[in-house]
Amino acid sequence: MEVLLFILPVFFALSVLIVPKSGVRAYGIIGSLAVLGVVIACMMQYSNDGTVHLFGNKEEWLRSTGITMSFGYDGISLLMLLLTAVLVPLILVSNFKNELAENRLFTSMVFFMQLGLIGVFISMDGLWFYVFWEITLIPIFLISWWFGAPERKAALMKFFIYTFVGSLAMLAALIGLKVNAASFQIEDLKAVILTSKTACWLALGFFLAFAIKIPIFPFHTWQPDTYTKSPMAGTMLLSGIMLKMALYGMIRWMIPLFPEAMSCLQYPVIILATIGVVYGAIIAIKQKDMKRVFAFASMSHVGLIAAAIMVWDFDALSGSMVQIVNHGLVAVGLFLAVEIIERRTGTRNLPDLGGFAKQAPKFAFWFAVLAFASVSVPLTSGFIGEFLMLKGLVQFDMIIGIIAGTTLILGAVYTFRAYQLSMYGPVTRDQFADLHWSELIVLAIIIIAVVILGVYPAIITDFVNPSLKIVLETVSTPSGL
Amino acid sequence: MDALLIVFASGLISLFAAFAKKPWLVVGSAMAGLLAAIIVIIGQLQTGKAFFDFLTYEGLAFDQGALLFSLAICVLSLLIIGIGYERFKENPEHTGEYIGLLMFSATGAMIMTAYTDMFMFFLGLEILSIPIYVMAGSNKADVRSSEASLKYFLTGSFATGIFLFGLAWVYGATGTFKLIEIQMKIQEMETLSPILMIGVLLIMASFIFKVGAAPFHFWSPDVYDGAPPAVTGFMASVVKMAAFYAFLKMFSVCFGLGELMDFWNGALVVMIIITLFVGNLSALRQVKFKRLLAYSSITHVGYTLLLFVSQLDFNYSSPILWFYMFSYGFSIVGIIAVAIAVNDSEDRIDGLKGLGKRNPFLAIVGIVSLLSLAGIPPTSGFFAKYVLFSSAWASASWLVIIALINSGISIYYYLKVIVTIASPAEQEQEKIKLSPLTIAVMLVALVGTLGFSFILPLLY
């Protein structure tokens, strides 16, 4: 059953290459829905007691290397799997009107991407985590390289090298940890007892990889360019799911493996992440390119999640899980809104836009709801998430909490500025077609999900809380056992 | 021993088959011989018994390590003969010499894996090298090929001289050629004799030269660039594999103990660091594809040398070397096959543009091979690099970190080639047609690069 999680994406990635051009759209969506089905089946099967449901082989896979074939999932992994499995079909559907959707290579790469993401979320072996972590890089790079904006090359090289170097730091840390452990199995790695100094160095290796991917403040320079130069689907994959890998990695790997390093990493990371929150928001306010606005917005939102995870408090963690889901959905929605405008007008430059609300009332409505969800208005899932995270931060340190809290105000400024400049004001185009059904479906699904989760967040929290509790407990004891 | 005889005999047969003026006959007999050798080696690995077990010679011992390396040598030689075949279809003139020399060189490589005394080692080294001096110049119409041949011959024979000189010093200190006896003699010494130390240093210099590590690397870009591509592939895979294994055996069995190890270890560490940076930084600015590969192979030599300083037991480090060199060989075969198929006389990296349109299969093989060279998962290049680095971590963790930094630098130029392959060409170019043999070789290389590390656990 669980093996299907690997087999299905590989199968669809390869078989889509021989499907006739007219069928690629439908085939891709069928494939991604099939993966969604498997994920839901796994969720049904999971007993939800917070333990890791292991499958695969715990014995050594490659002789005398300590690599094991252990895979498994708990509530956290399943939530990430579900997010991946829901977002991939949404991304494919929102791409429906582009020529890209007919492209076999593109669809194939999306499935390879999904394979990597699924692997990251269910690896319970350090080296497989690293392997899948790297695998995700290749398809997203190729998607952006082949189908991105004309002047993409320098930005993408920077992106690849930047993230690859970060990953190498993680590899170094993994090797350094493994020499003391029996195998790469997560339990074995956790059992290693380190001095606080080595733990700090090794944790720093992990942190570098995650900080670049999230991105946290000084490591973010690749992000806006890559987001703007990638095709819409690439940006959605990057911001919707890929950077969640790093957040997941912090919860699953970085902190549980190096609880000794918490004391030296906690403050610096939280401070950097908080700087990122404010910095991203302020820059977003000044941007003219609409996609850049949301790129920096994404950085701001995710920085808050990273800070909340580092607080390592139960409520903050469960808030960050809610916000991970919420941000995944809303980011996809916002980038779709940008794409809708760009498709019809050929530009994303905010001063050139305006007046679409009159011409396309349906679009105006859905975009507005999305904007509200993005600024975390009550009754959307963003509210619950940000509320819990900020509560954790304030408890941790009042000043940091207050500074991070400005994100709510600044968020409203840049989101509504972008909304107002594009949708209101004098009419700038002779015509602006209203939503296509494929666009409507995606926006509607996202909004409905966001509102349902906002009204009743227990769907998420009930599911992940037992697992979060177990993760928290393993770390709070000093030896990590 | 069986496999050695088979490879040697089929080399002779293919030399005589050349009288028939039919290239396929020559290549066919050589490939059949190598296939037979592979089967015999696998049989011997399985049963532990040689077919002709009365044929033994005390200078050669085909133990498990030697058999595994011979297997790799045979497989890679087979693949390289496969990719080199295209050239002879148009110009069948010198098929016999080329194939015959390649087989003899492979014989020498196998001797080097199995030697137990220095005398056989030297014989193996010469049998391995002399054919390559000729093969490097086998493209007689090209001046650069002749230049490569001469350069390799002059510097190579000089290094051989240094090796012999060093060997003489070692003999003077220990009074024997046998590995085991040398080891015993060194253990018996109360203080290390300076004669021995000079010998070891000279031998190490010739070794550094043979594998092309800095500061004795200057020959390798010119030779790799000038020699016919298939010969470059042979040098980068088979020759390096044999040389590394033979010297690893020598250095860990004879010279890898106590004070003597500390003596050459420090020098080697410095050379590793220089090699890594020289190879990588020079590769960054290359515009020619084969030169880029040459510099990247210098870097790979640097990574491999980590094994020498990792203070591991020989029984533990040789499988790691095998895994690393074998997966490296697969990726080299893949990328050289692509270079041959593209057949760009100017050999520019830009000439690879639009490869995806011209032949998608070629593009996939090229990209996967480059990913493997760069060490990106899930290719076997990554797993090999990981195993190598993690084995060196315990004794030289800071060196591993330097090596990882270099992996980070190297990703730039690999990526540059990968994106060149992936980007469209400026003008329309004709499609590339591949012969079935080339496709078969590329498939094997592709399976090797992608799945080697996944197949391996099934065999143990």
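Residues numbered from 1 in each chain as written. Chains lettered and ligands numbered in written order. Predicted model: local features only at pLDDT ≥ 70, side-chain atom pairs only at ≥ 80, totals over all residues. Heavy atoms only, no water.

A.B. asks: Sorry if this is basic, but what is going on with the packing of aromatic side chains here?
C.D. replies: Aromatic rings considered in pairs are described by the distance between their centres and by the relative angle of their planes. All names here are of chain B. This model, assessed by the stated rule, comprises 73 aromatic pairs over all chains. Note on Phe-251 and Trp-264: the rings are 5.0 Å apart at their centroids and 80 degrees apart in plane angle, and the pair reads as edge-to-face. In this pair, Phe-251 is assigned in helix α10 (residues 229-254) and Trp-264 in helix α11 (residues 258-284), connecting sequence segments 13 residues apart. Each member of the pair, Phe-251 together with Trp-264, is buried. Both rings, one in Phe-382 and one in Phe-383, keep their centres 5.2 Å apart while their planes meet at 65 degrees; by these two values the pair is edge-to-face. (Phe/Tyr/Trp six-rings, centres within 6.5 Å; stacked < 30°, edge-to-face > 60°. Helix = DSSP H or I, 4+ residues; strand = E, 2+ residues; numbered from the N terminus. Buried < 20%, exposed > 50% of the residue type's maximum accessible area, 1.4 Å probe, protein only.)

A.B. asks: Just to check I follow, could you spell out the interface of chain A and chain B for this structure?
C.D. replies: How big an interface is tends to be stated in terms of the accessible area lost upon association of its parts. Opposite the 30 residues of chain A that make contact, chain B presents 29 residues. Summing the contributions of chain A and of chain B, the shared interface buries around 2,800 Å²; its carbon and sulfur component is 86%. The interface formed by chain A and chain B contains zero salt bridges. At the junction of chain A with chain B, the criterion picks out one residue pair in polar contact (both at pLDDT 80 or more). Elements supplying a minimum of two residues to the side of chain A that touches chain B: β1 (53-62), α5 (126-135), α6 (137-147) and α7 (153-178) of chain A. (Contact = heavy atoms within 4.5 Å. Buried area = accessible area lost by both parts, 1.4 Å probe. Salt bridge = Lys/Arg side-chain N within 4 Å of Asp/Glu carboxyl O. Polar contact = N/O pair within 3.5 Å; in protein donor to acceptor, adjacent residues only side chain to side chain.)

A.B. asks: I would appreciate a short explanation of the environment of Leu415(B) in the present structure.
C.D. replies: Residue and element names in this part refer to chain B. Relative to the helices and strands, Leu-415 is located in helix α17 (residues 397-422). Relative accessible area serves as the criterion here: at 2%, Leu-415 is assigned to the buried category. Measuring from C-alpha to C-alpha, the distance between Leu-415 and Met-204 comes to 34 Å, with 211 residues separating the pair along the chain.

A.B. asks: Looking at this structure, I do not really get the pattern of salt bridges. What am I missing?
C.D. replies: Across all of its chains, the model carries 16 salt bridges over all chains by this definition. Across the pair Glu439(A) and Arg344(A) runs a salt bridge whose closest N-O atoms are separated by 3.0 Å. Of this pair, Glu439(A) sits in helix α19 (residues 437-455) while Arg344(A) is found in helix α14 (residues 314-345), placing the two residues 95 residues apart along the sequence. Looking at Glu439(A), the relative accessible area reads 0%, which means it is buried. When the shortest N-O distance is used, the salt bridge between Glu147(B) and Lys151(B) registers 3.4 Å. Here the residue Glu147(B) and the residue Lys151(B) both occupy positions in helix α6 (residues 143-174), the gap between them amounting to four residues, near one helical turn. Judged by relative accessible area, which is 40%, Glu147(B) ranks as partly exposed. Residue Lys151(B) is classed as partly exposed on the basis of its relative accessible area, which comes to 29%. Each of the salt bridges in this network shares a partner with another, and the network as a whole consists of Asp142(B), Arg144(B), Glu147(B), Lys151(B), Asp222(B), Asp225(B) and Arg291(B).

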